[in-house]
Structure formats: structure tokens, C-alpha cells
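Notes for the structure review
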Amino acid sequence: MSDVPARDREVVAGAIFRGGRLLLAQRTSPPALAGRWELPGGKVEEFETPQAALARELREELAVEVRCGTRIGVDVQLSAGLVLRAYRAELVSGEPVALDHAQLAWVDAEELLSMDLVDNDRAWIPELLEELRAL
Ligand code: CDP
């Protein structure tokens, strides 16, 4: 037994901004979340950094290369031992396509407020709006 508490496993999500807009992706699964919108991402694998995981997930889901930037918004506790964090992601190459989602949308501040975001990602709305309004 160790006295050191295990660190939370992380799920990373990417906020890609371009031309005053933010990229959102529409989920296809699970049924309860299908049709709702999220920042694309996924689980960090064992021995993988969050930055590498974000690059891998966005390559797999959007067919783009990104550079992982700074954190945006609060930590969202998904369950015991699993935390969701958003990072800014800078597009390095490629044009995002929905390989894993129903569709993609580039939204401005007003549109962001009208999208049916998954509950977890709603925690980031204040910072996402602030960033969009500053662009
Ligand atoms: O792709 P992978 O299976 O690694 O991860 P995922 O199933 O896309 O995401 C892992 C968990 O994080 C799920 O419960 C998602 O609903 C949640 N998630 C979220 O709430 N918001 C996001 N922007 C991305 C993932």
C-alpha cells in the first residue's frame, strides 16, 4: 500500500479557434449523448502526456495535426479518478473532417450559446465565450 494518492486519469478536449469561431463536434454515441455537441477529445492513455493524447485524439477524430496549447476553463470531475480538462489546440495542418462525429460546426459566441452542448462541456462556456469575444 502506498500513502501517495493515485492521480486522476485525464480526458482531454481541444478548443480550436479560427477566425473568431470555435470548432464543435456532434456526438454519435452513446445514445444518451448522440446529437449533442462537444469539444473533441478523449482519454489519455497510460504513459501518454495530455498534450500527446490531445494531438492523437484530434488526428484520429478530425484528421488534423494540432499543437496543444494552454488550459482553458475548469477541471470537470467525470467520476472518481477521472477528470476532464480542455486545452487550446492550434491547427498546424489539415482541415478538420468528422471521422468520428456526426458533423462539425464552427460557431461564434452567439451560436455557442444556442448549441446543445453536453453537460460536462457547459462548464467551459464562460471562458470559451470570453475568448470568442476577444477574437
Ligand atoms: O475516445 P475515448 O473513448 O478515449 O473518450 P470518449 O469516450 O470520447 O470520452 C471519455 C469520456 O469523457 C466520456 O464519458 C465522454 O462523454 C467524456 N467527454 C466529455 O464529457 N466532453 C468532451 N468534450 C469529451 C469527452
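Our next topic: the site of the ligand. The local shell around the ligand holds 14 residues, among which Glu38, Leu39, Lys43, Asn120 and Asp121 are the closest. Leu39 is positioned such that a nitrogen or oxygen atom in its backbone is 2.7 Å from a nitrogen atom of the ligand. At 2.8 Å, a backbone N or O of Lys43 approaches an oxygen atom of the ligand. When the ligand sits alone it has 530 Å² of accessible area, and the protein chains cover 75% of it. In this structure the site holding the ligand corresponds to the largest pocket. Secondary-structure elements contributing two or more residues to the shell around the ligand are strand S1 (9–15), strand S5 (41–43) and helix H3 (119–122). When residues in the shell around the ligand are grouped by element, the largest group, three residues, is from S5. Its residues assigned to classes, the shell around the ligand comprises six nonpolar, three polar and five charged.

Empty space left among the atoms is revealed by rolling a probe the size of a water molecule over them. If you add up the space inside the largest pocket, you get close to 450 Å³. Residue lining of the largest pocket: 23 residues in total, with Val11, Arg27, Glu38, Gly41 and Gly42 positioned closest to the centre. Secondary structure elements with two or more residues in the lining of the largest pocket: S1, S5, strand S7 (82–93) and H3. Grouping the constituent residues of the lining of the largest pocket by class yields 10 nonpolar, six polar and seven charged. Here the second largest pocket is characterised by a volume of approximately 290 Å³. Lining the second largest pocket are Arg7, Asp8, Arg9, Glu10, Val44, Glu45, Glu46, Phe47, Glu48, Pro50 and Arg85. Per-class residue counts for the lining of the second largest pocket are three nonpolar, no polar and eight charged.

Basis of the calculations
Here the residue numbering is sequential within each chain, running from 1 through the sequence in written order. It should be noted that, the model being predicted, local features are given only for residues of pLDDT at least 70 and side-chain atom pairs only at 80 or more, the latter also being counted only at that level, while totals for whole chains, interfaces and linings use all residues. Where side-chain values are given, they derive from all heavy atoms of the structure, hydrogens and water being excluded. Any residue with a non-hydrogen atom lying within 4 Å of a molecule or strand is treated as near it. Here a polar contact means two N or O atoms within 3.5 Å. Within protein one must be a hydrogen donor candidate and the other an acceptor candidate, and residues neighboring in sequence count only if both atoms are side-chain atoms. Exposure was quantified through the Shrake-Rupley algorithm and a 1.4 Å probe, taking into account, for residues, occlusion by the shown protein chains and nothing else. In the cavity and pocket records, a cavity denotes points on a 1 Å grid over the protein atoms alone where a 1.4 Å probe fits but cannot get out, a pocket denotes an open set with protein on both sides within 12 Å along at least 5 of 7 lines, and lining residues are residues with an atom within 4 Å of a point. Just a note on the criterion: a molecule sits in a pocket or cavity if more than half of its atoms are within 2 Å of the grid points. What counts as a helix is a DSSP run of H or I of at least four residues, what counts as a strand is a run of E of at least two, and both are numbered from the N terminus. Residue polarity follows a fixed list, in which Ala, Val, Leu, Ile, Met, Phe, Trp, Tyr, Cys and Pro are nonpolar, Asp, Glu, Lys and Arg are charged, and the others, Gly among them, are polar. Grid points are joined across faces, edges and corners, and a volume is the space filled by probe spheres set on the points.

Keep in mind these numbers describe shape, not what the thing actually does.
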